[in-house]
Amino acid sequence: MISYRCLNLGPCVSTGILITTIASKGELQTWPELLPQLCNLLNSEDYNTCEGSFGALQKICEDSSELLDSDALNRPLNIMIPKFLQFFKHCSPKIRSHAIACVNQFIIGRAQALMDNIDTFIESLFALAGDEDCEVRKNVCRALVMLLEVRIDRLIPHMHSIIQYMLQRTQDADENVALEACEFWLTLAEQPICKEALSGHLVQLIPILVNGMKYSEIDIILLKGDVEEDDTVPDSEQDIKPRFHKSRTVTLQHEGGEGEEGEDIDEDEDDDDDTLSDWNLRKCSAAALDVLANVFRDDLLPHLLPLLKGLLFHPDWVIKESGILVLGAIAEGCMQGMVQYLPELIPHLIQCLCDKKALVRSIACWTLSRYAHWVVSQPPDAHLKPLMTELLKRILDGNKRVQEAACSAFATLEEEACTELVPYLSFILDTLVFAFGKYQHKNLLILYDAIGTLADSVGHHLNQPEYIQKLMPPLIQKWNELKDEDKDLFPLLECLSSVATALQSGFLPYCEPVYQRCVTLVQKTLAQAMVRTHIYSHTLFYMNIMILSYMQDTMPEVRQSSFALLGDLTKACFPHVKPCIAEFMPILGTNLNPEFISVCNNATWAIGEICMQMGVEMQPYVALVLPHLVEIINRPNTPKTLLENTAITIGRLGYVCPQEVAPMLQQFIRPWCTSLRNIRDNEEKDSAFRGICVMIGVNPGGVVQDFIFFCDAVASWVNPKDDLRDMFCKILHGFKDQVGEENWQQFSEQFPPILKERLSACYGV
């Protein structure tokens, strides 16, 4: 066994590596002398000893930041942080850089020792603002970005100077420094003070971000920007990113559209090659412009439009390409202001799909996809038809990058256009099927997604003998070629799932072989899981063994899918599910964890479906799930889909077990009402509102403080069933009678005019 006390803490590299390796294994507690000795060695007059010690300390700070701020080590940070701050003024840039990097490890965690020295830290950072060493500048920028996130209160008095500094650093000659500085704009955009702080600086910032969106020379070399045709070159395995099954997330229908899921726009997904998948200045600049467009909206355009025309029509393809990227980046935030220019810009972008440079063609695909919603809102012959025609040509492009971008863009267009594409189905299928024989491995996986999205978008219109004859042979050929162990089965299964749903009876000839193989795949995987985890019970149905196993899988995506399946089976064949509810419910309760949004969402939805089947028999499980649901619905920044499903499930739980749920009514009624006011009238909304009405009957005091929110939620109904309308009337008139006519008049004066009119017209209050 190694005796840590016998180690000679000299300056040699191998000793430093050994020290940090031991520390990273959690051995700091058994080596109490280490940190004091390393800190003492920082005072050595020998430069190598000082630097070697700092290198070891930096690694320890990176690996053990939480431990260093804990009682387990008697909070050594109380000594270390002031010690590190002293070295911000060291004559060696390497030492200065180490010192800042060490302190930076404790910003996000708000280490108490750092918070106690926060003003000294910030002053020391400002003193290093003009440092000549690029590593020092990079670490200063990184520190300010993190402080913006956790201690913005300390930066606000200096914000003007900090912004001026970051404007300079975003143009730094060292790209790593520029990238760290560019992160500042992304982080600032998330802060409430962003608009006020940045308004006067947009005239400087926007051109800097736009300039940062150009491909660098090294980018172009890595992307093989001079290669125009490479579609006959086979993909290497390292070209293909690991791909995971996109598990279904259960969503609700909203006013004015189908169920929606939040999507993060990521230019990287559709534009940049795997060789450039690392975060870089171009991507950071584009992301920053995107988020700032969402903050400033059309106020950004006066600073941007004068630049855009020069970029979009520039003879240098690199600059032209960056202009097209700019146009795509602002699409979401500045859409309203851009509408007047789109009739001219969209034809220009469609023309760019034919550019001689592949990188221009590919970015044009992505940018056009960002405006697909507007394109579809116009008469089809105006923009949809020419865009669709050119995108289909690009799907068969000679460049693999363009193929990929076109396929992804076309999938987005499919989602927006839906049945508008029905007249062109034959032409679309001819192109997609031809691509089967043209595509290399990587793009074939994206082609599956485009076909599946088409099926989802046009639905039963795909169920025509002509279309089935075009589409199914190549899909089934791939299905038969792939072995059970081939990871390409994931995207193909997703594609076939969508196609089967769209074709309905047209899929019958293919049902049995596809179904049998799916069952075999499940059996094989389950058998492996049972060997690993020794799960077996003679009392369960085979189906329930399968679900129980996958509900406990370590992969979130597997649990997510298993909860979706459980909810569907609960709706379709509950008698087969009911015997295992006692095993299912604790697992569902454990997965009400918003850290995994989609898993939590589907578990919540499944619980709601089980409620409606179990009725009063849900009582033993209320305490298991209700506290988690109440916590989720009150959580800040919870995604809309999860809020809505949580509200539905709380309502359903209260419907079947009102005595158990109603006492907590006051803790969730306000977010419950605001979460469901935009949901379409449907059975899920109906059951949830019945539940809230029953709970109000049990605990009317629980709604009193937030009654205006209940009124607003009731008014969101377009056409409730008669008995539900009667429940609303009873509660509204009961409240009015309780407070008296005069108080009701004062109360209703708070209502927006539309709400007041609707309640009067529909419910007579």
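Quick notes on the rules
- Residues numbered from 1 in each chain as written.
- Predicted model: local features only at pLDDT ≥ 70, side-chain atom pairs only at ≥ 80, totals over all residues.
- Heavy atoms only, no water.
- UniProt positions renumbered as here; feature names shortened; annotations may be inferred.
- Helix = DSSP H or I, 4+ residues; strand = E, 2+ residues; numbered from the N terminus.
- Contact = heavy atoms within 4.5 Å.
- Areas by Shrake-Rupley, 256 points an atom, 1.4 Å probe, with all protein chains shown as cover.
- Salt bridge = Lys/Arg side-chain N within 4 Å of Asp/Glu carboxyl O.
- Buried < 20%, exposed > 50% of the residue type's maximum accessible area, 1.4 Å probe, protein only.
- Phe/Tyr/Trp six-rings, centres within 6.5 Å; stacked < 30°, edge-to-face > 60°.
- Core = buried A, V, L, I, M, F, W, Y, C linked by side-chain atoms within 4.5 Å.
- pLDDT = per-residue confidence, 0-100.
- Axes fitted to C-alpha atoms, helices over the stretch in contact; angles between N-to-C directions.
- Parallel < 35°, antiparallel > 145°, perpendicular 65-115°, else oblique.
- Left-handed = near helix turned anticlockwise from the far one by under 90°.
- Nonpolar A, V, L, I, M, F, W, Y, C, P; charged D, E, K, R; others polar.

Per an unreviewed UniProt entry, the protein goes by Transportin 2 and derives from Sinocyclocheilus anshuiensis. Checking UniProt for the protein, the heading Subcellular location (unreviewed entry) contains the comment "Cytoplasm".

1. Some thoughts on the overall build of the protein
In terms of helices and strands, the protein carries 43 helices and 0 strands. Here the analysis covers contacts within the protein between residues at least 6 apart in sequence; of these, 73% occur between residues at least 24 apart. Accessible area of the protein: about 34,800 Å², with a carbon and sulfur share of 53%.

2. Things to note about the pattern of salt bridges
For the structure shown, the criterion picks out 32 salt bridges. Ionic pairing is found between Glu-390 and Lys-393, a salt bridge with its closest N-O pair at 3.2 Å. With a gap of 3 residues between them, Glu-390 and Lys-393 both fall in helix 24 (residues 384-395), about one helical turn apart. Overall, Glu-390 belongs to the buried group, its relative accessible area being 12%. Judged by its relative accessible area of 45%, Lys-393 is partly exposed. The shortest N-O distance in the salt bridge between Arg-652 and Glu-609 comes to 3.1 Å. A residue pair is termed long-range when its members are at least 10 positions apart, and Arg-652 in helix 36 (residues 640-656) and Glu-609 in helix 34 (residues 597-614) qualify at 43 residues. As far as the burial class goes, Arg-652 and Glu-609 line up, both buried.

3. Let's talk about the environment of Ile-118
On the secondary structure map, Ile-118 appears in helix 8 (residues 118-127). Note: C-alpha distance between Ile-118 and Leu-147 (29 residues apart in sequence) is 9.6 Å. Excluding residues that lie within four positions of it along the chain, Ile-118 makes contacts with Leu-147, Arg-151 and Arg-154.

4. Details of the packing of aromatic side chains
Under the defined criterion, the tally for this structure stands at 20 aromatic pairs. Residues Phe-88 and Phe-121 carry aromatic rings whose centres are separated by 6.0 Å and whose planes lie at 75° to one another, so their mutual orientation is edge-to-face. With a gap of 33 residues between them, Phe-88 in the loop between helix 5 (77-86) and helix 6 (93-104) and Phe-121 in helix 8 connect regions that are remote in the sequence. In this pair, the class of Phe-88 matches that of Phe-121, namely buried. With 5.9 Å between their ring centres and 80° between their planes, Phe-689 and Phe-728 make a pair best called edge-to-face. In this pair, Phe-689 is assigned in helix 39 (residues 683-698) and Phe-728 in helix 41 (residues 722-739), connecting sequence segments 39 residues apart.

5. Focus: the nonpolar core
Counting 174 residues, the largest nonpolar core has Phe-121, Met-166, Phe-184, Trp-185, Ile-330, Leu-462 and Met-472 as the members making the most contacts within it. The residues contacting Met-472, other than those within four sequence positions of it, are Leu-496, Val-499, Leu-503, Phe-507 and Tyr-510. If you look at the next biggest cluster of nonpolar residues, it comprises 79 residues, including Met-614, Leu-629, Ile-650 and Phe-735.

6. Re helix 5
If you check which residues of helix 5 are buried, you get Leu-77, Met-80, Ile-81, Lys-83, Phe-84 and Leu-85. In this fold, the buried residues of helix 5 make contact with helix 2 (34-41), helix 3 (47-63), helix 4 (65-68), helix 6, helix 7 (112-116) and helix 8.

7. Describing the confidence of the model for the protein
Mean pLDDT over the protein: 88, with 88% of residues reaching 70 or higher. Mean pLDDT across the elements of the protein ranges from a minimum in helix 16 (residues 267-270), with 38, to a maximum in helix 14 (residues 202-212), with 98. Across residues 1-14, confidence stays below pLDDT 50; counting only partners more than four residues off in sequence or on other chains, it has 18 contacts. Low pLDDT (under 50) marks residues 255-276, which in the prediction has 64 contacts with non-local residues, meaning those over four places away or in another chain.

8. A few points about the packing of helix 12 (residues 175-189) against helix 17 (residues 281-296)
Relative placement of two packed helices is described by the angle separating their axes and the distance separating the axes. Where helix 12 meets helix 17, the axes come as close as 9 Å, and the angle between the chain directions of the two elements is 20°. The orientation of helix 12 with respect to helix 17, classified from their angle, is roughly parallel. Crossing hand, helix 12 versus helix 17: left-handed. Taken together, the residues of helix 17 that come into contact with helix 12 (itself represented by Glu-175, Ala-178, Leu-179, Cys-182, Glu-183, Trp-185, Leu-186 and Ala-189) are Leu-281, Cys-284, Ser-285, Ala-287, Ala-288, Val-291, Leu-292 and Val-295. Residues that form the contact of helix 12 with helix 17 fall into these classes: 13 nonpolar, 1 polar and 2 charged.

9. Overview of the environment of Leu-35
Mapping Leu-35 onto the fold places it in helix 2. Between the C-alpha atoms of Leu-35 and Leu-73, which are 38 residues apart in sequence, the distance is 9.9 Å. Contact partners of Leu-35, with chain neighbours within four places excluded, come to Leu-57, Ile-60, Leu-68, Leu-73, Pro-76 and Met-80.

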